[in-house]
Amino acid sequence: MQKIMLIVFALMLCSVSTVSANEDKLTPSGIPYTELKDRVDEYVAQYIGTSTAGGNVLIMKDGEIFMSSSYGYANIENQIKVTPDTVLEWGSVTKLLVWTSVMQLVEQGKLELNEDIRTYLPDGFLTNLQYTTPITMLNLMHHNAGWEDKYIDLFYKSAHEIKPLEEMLHITMPYQVHKPGSIVAYSNYGVSLAAFIVEQLSEQPFYEYVNEHIFSILNMNDTSIHPSQQDNLSIATKREAVFGYRGNEGELSVSKNGHIFIGLYPAGSAMGTIGDLAKFMMALMPADGESSPLFQNNRTLDEMLTTSDFYDNGYPRNAHGFWEGLYAVGVLGHAGNTDSFSSNFIFSKENKLGLIIMTNQQNEVALSYGLPTLLFGEYSPSNQHQAMPHVQNHEGKYYWARQPYNGFAKLYGALSTLNIKVTESNSLNAFGVMYEQIAPLLYKSTDDSNDFLHVTLNNGQVEKISTLTSDLLPVSESSTIFKLLSILAITFSILYTVITLLISFIQSINNRKNKVPPIILKKWETLLLLANLITVVNVTTLFYRALNYTPYAALKLHLWINYAYIIIVAVCIVALLLGWRQITLTRGQKIRYTLSCVSGLLMVILIFGWELYI
C-alpha cells in the first residue's frame, strides 16, 4: 500500500511539472513560443506599407532576445529598408531614463521622493504656483503636480533654437491649475524638471549624467539623448538617413520636417537602435540571482517597479514613472510619440517577458498597441458576474486635464472637447471608439488598442474619467456657453465684415462713376472692417505658425498686431461716434455703422477672452 501511494504521489508531481512546463511554453496570451515569431510577422504584415511605414520589433524572454525583426522602410523614397541598426526615436520612452536617474540618486541618499522639490531647486525657481501644497518627486513621477500643458516651444525645426535645460524650463514654465495629487495630466514639463533636479544634485548636464550612469554602464553605444545628438555624432549622422512619415492607408507622406528637435529634451529626445534599447530593458529585468547594473542593490530596482499610484477604483496606475497596463498579466512601461515616430516599451517583470516596438510613423497605433495585446493577452476581471452600474449619467462633454489653460494656446483645448455617448446599456462611445463596461466603472475599448476608462463618481455624478496618462473632466455649463457665444461672435464678425466690405466696394465704384463725394464716416468704417479682416488673417497665421513649431519669441509679433488692432478699433469707433453727431444719417446708415462698431467690439472681446495677447 505504501509503495502504491508513493507511485501515485510521483505521478502527481510529474503531472504538475508537465503542466508547468507547458505553461512556460506559452505566452500570457496563450500563443506557443514556437509560433510567436510567425504570429508577429503575420500581424505586422497587415499594416506595414499601409498605415505604418516601417519599424523594428523585439521580444525579450528570460534575459535574452527571443526575436528581433525589421519591417518596411526607413526611407520609402530611396527604398532604404529598416534594419536592426536603423536609428529610430524613442519619444517619451526617454522619460524612463529620467526616473531611473532619479532612483539612482534616491539610492545614494541624495534625494527623497516625498520631499518638496523646491528643496532641490534654486530659490524662486517656480514662479507660477497657485497652491501652497508641496510638490514632491512622486508628483512628478505620477504627472499630478497640477500643471497645465504647453504646446509652444516643445518642438523646434532647428537645433540652434534649443537652449540649455534650465533656460528651457523658464521659457516653457506652465501655470499650476490643479492641486498637487488631485488630477493626472501628463506633463513633459514635470519630467524635464525632474531631470533638472538630477542636474542640480549631480552637478552635470542631464545628458552627460545619462551617458555616464546608464549608457556607458550598459554599453549602449548606439544611443543618444542630447537634443541635437552632440553626445553621439554617429547617431546624428544615422538619424539623418531616416524619414518619419504620417498619413493613412495609401497616403504615407514625408513628415513636416525630416528632423524635429525637442527643447525639453529629457521628456523625449533619446534615439538609437532597438538592440541598444533592449539592453536597457534587460537591466530592468535581471535574471534570477543577478543584480541590475543600474543600481547598487536590486531593492532599489524593486522599489522603482512597485506600484506607487492607483486609480480611484483601486487599479494600479503608475510605478514611479512607469505606467502600468491592464493585460492578462501585470505589465510596466511607457509609450512614445514625436513629430513622426512612435514607440512602445513594455514588460512583465513577473514573466521576465518584454516587448519593444519602434516605428518611423506619426501616432502609430496598430503595432504599438496591438502587439502588446497579442503578446501579453487581454485583461479579464477576476469576478465577471458583478452587477454593473447604469452608464446613462456617464454621458456628456469632457475635456482633457492635459491642455493649456492660459495664453492663446488654450484655444486648442477648447477645440478638443470630447463627447461621450451611451450606445447600449453597458457601452460608451468615446473619441469615436466603443468601450464596454467589464467591471463596475471600468470600461475597455473593443478595438485592438487595449485602452481603458476608469470612472470616478461623486454623489452619483461623474467627477472625472481617467485614461492611463490623463484624466478627463466634465465641461462646465458656463464654459459651454462661452464657447457657443464665441463661435456666434466670430461668425457674425467675419460674415458681416466680408459682406459689408463687398457692398462698400461696389458702392465706391458706382459713386466714382456718378462723381458722388465720399462720406468721411465711410472711410472710418472701411478702416475698421479692413482691420477686422487683417486680424482674422493674423490670428489664423498665428495658429498655423504655432502648429509648425515656431518659437513663442517669434509669435509675439502676431500678438503685438492684436494690440495695434485694439487701438485701431478704439480710434475708429470714437471717430464714428463723433461724426455721427455732425452728419445727418438715415436709419439704415445708423444701423450699418452700429453693426460695424459691434463687429469690432466683439473681436476685441474675443481677443481678451481667449488671451490672444502677450
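As the structure is a prediction and not an experimental result, all values here were calculated from the model.

**Focus on the overall build of the protein chain**
Tallying secondary structure elements over the protein chain gives 16 helices and 24 strands in all. Each of the three principal axes of the protein chain carries a C-alpha extent, and together these read 125 × 55 × 55 Å. Each of the 614 residues in the protein chain was classed as buried or not, and the buried ones make up 50%. For the protein chain, the proportion of contacts with a sequence separation of at least 24, taken over those separated by at least 6, is 68%. As displayed, the protein chain has an accessible area near 28200 Å², and 57% of this comes from carbon and sulfur atoms. Of note, the protein chain has its 40 positive side-chain charges centred 16 Å away from the centre of its 54 negative side-chain charges.

**Remarks on helix 6 (residues 188–202)**
The end-to-end C-alpha distance of helix 6, which contains 15 residues, comes to 21 Å, matching closely the 21 Å that a straight helix rising 1.5 Å per residue would cover. Most of helix 6 is tucked away, with 13 of its 15 residues classed as buried. Looking one or two residues past helix 6, Glu-203 carries a phi angle of roughly 60°, positive in sign.

**What about the sheet that holds strand 4 (residues 88–89)?**
Across the sheet, which stays open at both edges, the three strands sit in the order 4-10-6 with antiparallel pairing between neighbours. The sheet is open, and its two edges are formed by strand 4 and strand 6 (223–224), each paired on a single side. Sheet topology note: the strand 4/strand 10 (residues 271–272) ladder contains two bridges and is antiparallel. Counted as the bridge partner of Glu-89 is Met-271 from strand 10.

**As for the sheet that holds strand 20 (residues 433–439)**
Strand order in the closed barrel formed by eight strands is 17-18-19-20-21-22-23-24, with antiparallel pairing between adjacent strands. Each neighbouring strand pair of the sheet contributes to a mean axis angle of 35°, computed without reference to strand direction. Alignment of strand 17 (residues 396–400) against strand 24 (residues 471–474), held across three bridges, turns out to be antiparallel. Note that in strand 24 the partner of Tyr-398 across the bridge is Pro-474.

**As for the packing of helix 3 (residues 95–107) against helix 7 (residues 206–215)**
Relative orientation of the contacting elements helix 3 and helix 7 amounts to 75°, with a least axis distance of 11 Å. Comparing their axes, helix 7 and helix 3 come out roughly perpendicular. Here Leu-97, Val-98, Thr-100, Ser-101, Gln-104 and Leu-105 of helix 3 come into contact with helix 7, specifically with Phe-206, Tyr-209, Val-210, His-213, Ile-214 and Phe-215. Considering only residue class, the contact of helix 3 with helix 7 consists of eight nonpolar, four polar and no charged.

**Brief notes about the environment of Leu-606**
With respect to the helices and strands, Leu-606 occurs in helix 16 (residues 587–609). Residue Leu-606 is classed as buried on the basis of its relative accessible area, which comes to 12%. On a C-alpha basis, the gap between Leu-606 and Asp-288 in space is 62 Å, while along the polypeptide they are 318 residues apart. Those residues within four positions of Leu-606 in sequence are excluded, and the remaining contacts are Ser-486, Ala-489, Ile-490, Glu-611 and Leu-612.

**Brief notes about the pairing of strand 16 (residues 353–359)**
With respect to burial, strand 16 is a largely interior element, seven of its seven residues being buried. Of the two faces of strand 16, the one lined by Leu-353, Leu-355, Ile-357 and Thr-359 and the one lined by Gly-354, Ile-356 and Met-358 are each fully buried. Inspection of the sheet shows strand 1 (residues 54–61) paired to strand 16 by seven bridges, in the antiparallel sense. Bridging from a neighbouring strand, Lys-61 pairs with Leu-353 of strand 16. Summarising the sheet, strand 15 (residues 342–348) and strand 16 pair through seven bridges and their orientation is antiparallel.

**Quick look at the nonpolar core**
One finds Trp-99, Val-102, Met-137, Phe-280, Phe-322 and Phe-345 to be the most contacted residues of the largest nonpolar core, which totals 77 residues. Sequence-distant contacts of Trp-99, defined by excluding residues within four places in its chain, comprise Met-137, Leu-140, Met-141, Val-191, Ala-194, Met-304, His-320, Gly-321 and Phe-322.

**A word on the pattern of salt bridges**
Tallying each qualifying case throughout the model produces 13 salt bridges. A salt bridge links Lys-464 to Asp-312; its shortest N-O distance comes to 3.3 Å. Separated by 152 residues along the polypeptide, Lys-464 in strand 23 (residues 461–466) and Asp-312 in the loop between strand 11 (309–310) and strand 12 (316–319) bring together distant segments of the chain. Put simply, Glu-378 and Lys-444 hold a salt bridge, and the shortest N to O gap is 3.5 Å. Within this pair, whereas Glu-378 is found in the loop between helix 11 (366–376) and strand 17, its partner Lys-444 is found in strand 21 (residues 442–445), the two being separated by 66 residues in sequence. Residue classification places Lys-444 among the buried residues on the basis of a relative accessible area of 9%. Ionic contacts of the salt-bridge type, sharing partners, join the residues Asp-312, Arg-317, Lys-464 and Asp-471 into one network.

**Some points on the packing of aromatic side chains**
Counted by the stated rule, this structure contains 25 aromatic pairs. With a centroid separation of 6.5 Å and 25° between ring planes, the pair formed by Trp-90 and Phe-280 is classed as stacked. Of this pair, Trp-90 sits in the loop between strand 4 and helix 3 while Phe-280 is found in helix 9 (residues 274–284), placing the two residues 190 residues apart along the sequence. An identical accessibility class is assigned to Trp-90 and Phe-280; each is buried. Measuring from centroid to centroid gives 6.1 Å for Tyr-379 and Phe-452, while their planes differ by 80°, and the two rings are edge-to-face. In this pair, Tyr-379 is assigned in the loop between helix 11 and strand 17 and Phe-452 in strand 22 (residues 452–458), connecting sequence segments 73 residues apart. Residue classification places Phe-452 among the buried positions, given a relative accessible area of 7%. Three or more aromatic residues joined by ring pairs make a cluster, and in this case those are Trp-90, Phe-280, Phe-322, Phe-345 and Phe-347.

**With respect to the confidence of the model for the protein chain**
Atom-level detail of predicted coordinates should not be read off regions where pLDDT is low. Overall, the prediction assigns the protein chain a mean pLDDT of 91, with 93% of residues at 70 or greater. Segment residues 1–23: pLDDT under 50, and zero contacts once partners within four positions in sequence are set aside and those in other chains are kept.

**Some thoughts on helix 7**
Taken as a whole, helix 7 has its buried residues at Phe-206, Tyr-209, Val-210, Asn-211, Ile-214 and Phe-215. Tucked inside the fold, the buried residues of helix 7 contact helix 3, helix 6, strand 6 and helix 9.

About the cut-offs
Residues numbered from 1 in each chain as written. Predicted model: local features only at pLDDT ≥ 70, side-chain atom pairs only at ≥ 80, totals over all residues. Heavy atoms only, no water. Helix = DSSP H or I, 4+ residues; strand = E, 2+ residues; numbered from the N terminus. Buried < 20%, exposed > 50% of the residue type's maximum accessible area, 1.4 Å probe, protein only. Contact = heavy atoms within 4.5 Å. Areas by Shrake-Rupley, 256 points an atom, 1.4 Å probe, with all protein chains shown as cover. Lys, Arg positive; Asp, Glu negative; His and termini not counted. Charge placed at Lys NZ, Arg CZ, Asp CG, Glu CD. Expected span 1.5 Å × (residues − 1). Pairing = 2+ DSSP bridges. Axes fitted to C-alpha atoms, helices over the stretch in contact; angles between N-to-C directions. Parallel < 35°, antiparallel > 145°, perpendicular 65-115°, else oblique. Nonpolar A, V, L, I, M, F, W, Y, C, P; charged D, E, K, R; others polar. Core = buried A, V, L, I, M, F, W, Y, C linked by side-chain atoms within 4.5 Å. Salt bridge = Lys/Arg side-chain N within 4 Å of Asp/Glu carboxyl O. Phe/Tyr/Trp six-rings, centres within 6.5 Å; stacked < 30°, edge-to-face > 60°. pLDDT = per-residue confidence, 0-100.

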